[in-house]
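Structural features, examined
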Amino acid sequence: MAGPTSCTTVVRNLGQKQYRSYLNQALRRATPTLRPIQEALYLTGHQVAGFPDCLMTTTLTAPIFGQGLILWRIVLTTWIEEQVDMTFLTLAALSQRALLLVSGQTTAVRFDGQSAFRQEQRKLLALLTQAGILRPTTQGWHVCGHLEWARDYTDWLENDEKSGC
């Protein structure tokens, strides 16, 4: 009844190597919360710890993404890559579905995270457009390609060490 209030709580993401190591360990331990995400990615031919580097972020985010903004980006990107032409409605549906999969929620008592959610959608779309994966159209976007995924954490780690990162 008091209306929406601003969110002052933020979530800090780990560095890329630590985060991938965490995902790899969670998969090895068969962490129940990660299993549905891995299963969804497996159906698209991907493994969660082999996500493309450009999806990583270390920015502070509102705690609306449940298990994390990065997992939401990973899931949504895999589903976007399966599209040919994506409308605004398709994007909205996929975004919400990905949010539910990572146990996210944009509203709670005296909290509305819709603007933060839309901002993160725009950031991801800009990133994918800049990477040449998406091309804007009048109805939404045309999917032009796919990002480069590692097979798994070990594959990513071997390539990361070769590049000196």
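Here's what I pulled together on the structure shown here. (Residues numbered from 1 in each chain as written. Predicted model: local features only at pLDDT ≥ 70, side-chain atom pairs only at ≥ 80, totals over all residues. Heavy atoms only, no water.)

Here we take up the packing of aromatic side chains. Within this structure, the stated rule accounts for seven aromatic pairs. With 6.0 Å between their ring centres and 35° between their planes, tyrosine 19 and tyrosine 22 make a pair best called tilted. Of the two residues, tyrosine 19 and tyrosine 22 are both situated in helix H1 (residues 16–28); the distance of three residues between them amounts to about one turn of the helix. Tyrosine 19 sits in the buried class, given a relative accessible area of 7%. A relative accessible area of 46% places tyrosine 22 in the partly exposed class. Plain terms: the ring middles of tyrosine 153 and tryptophan 156 are 6.3 Å apart, the flat faces sit at 25° to each other, and that makes the pair stacked. In this pair, tyrosine 153 and tryptophan 156 are both assigned in helix H6 (residues 153–162), three residues apart and thus about one turn of the helix distant. (Phe/Tyr/Trp six-rings, centres within 6.5 Å; stacked < 30°, edge-to-face > 60°. Helix = DSSP H or I, 4+ residues; strand = E, 2+ residues; numbered from the N terminus. Buried < 20%, exposed > 50% of the residue type's maximum accessible area, 1.4 Å probe, protein only.)

Attention shifts here to the environment of glutamine 114. Here glutamine 114 shows up in helix H5 (residues 114–130). Along the backbone, glutamine 114 and isoleucine 64 are 50 residues apart, and their C-alpha atoms lie at a distance of 9.1 Å.

At their nearest, the axes of helix H2 (residues 35–42) and helix H3 (residues 69–81) sit 10 Å apart, and the two run at 25° to each other. By the criterion of interaxial angle, the relationship of H2 to H3 is roughly parallel. As H2 runs across H3, the sense of the crossing is left-handed. Together, Ile37, Ala40 and Leu41 of H2 and Leu71, Ile74, Val75, Thr78 and Trp79 of H3 make up the contact between the two elements. Along the lines of polarity and charge, the residues of the contact of H2 with H3 split into seven nonpolar, one polar and no charged. (Axes fitted to C-alpha atoms, helices over the stretch in contact; angles between N-to-C directions. Parallel < 35°, antiparallel > 145°, perpendicular 65-115°, else oblique. Left-handed = near helix turned anticlockwise from the far one by under 90°. Contact = heavy atoms within 4.5 Å. Nonpolar A, V, L, I, M, F, W, Y, C, P; charged D, E, K, R; others polar.)

So, on to the sheet that holds strand E5 (residues 140–143). Strand order in the open sheet made by the three strands is E1-E5-E4, with antiparallel pairing throughout. Looking along the sheet, the strands with just one partner apiece sit at the ends: strand E1 (85–87) and strand E4 (134–136). Between one strand and the next, the sheet's axes are offset by a mean angle of 30°, whatever the strand orientation. In the sheet, E4 pairs with E5 via three bridges, with the strands oriented antiparallel. Among the inter-strand pairings, proline 136 is bridged to a residue of E5, identified as tryptophan 141. Contacts from helix H4 (residues 88–101) reach E1 and E5, with the element oriented near 80° to E1. Its contacts with the sheet put H5 on E1, E4 and E5, and the angle it makes with E4 is roughly 105°. (Pairing = 2+ DSSP bridges.)

Just geometry here; none of it tells us what the structure is for.
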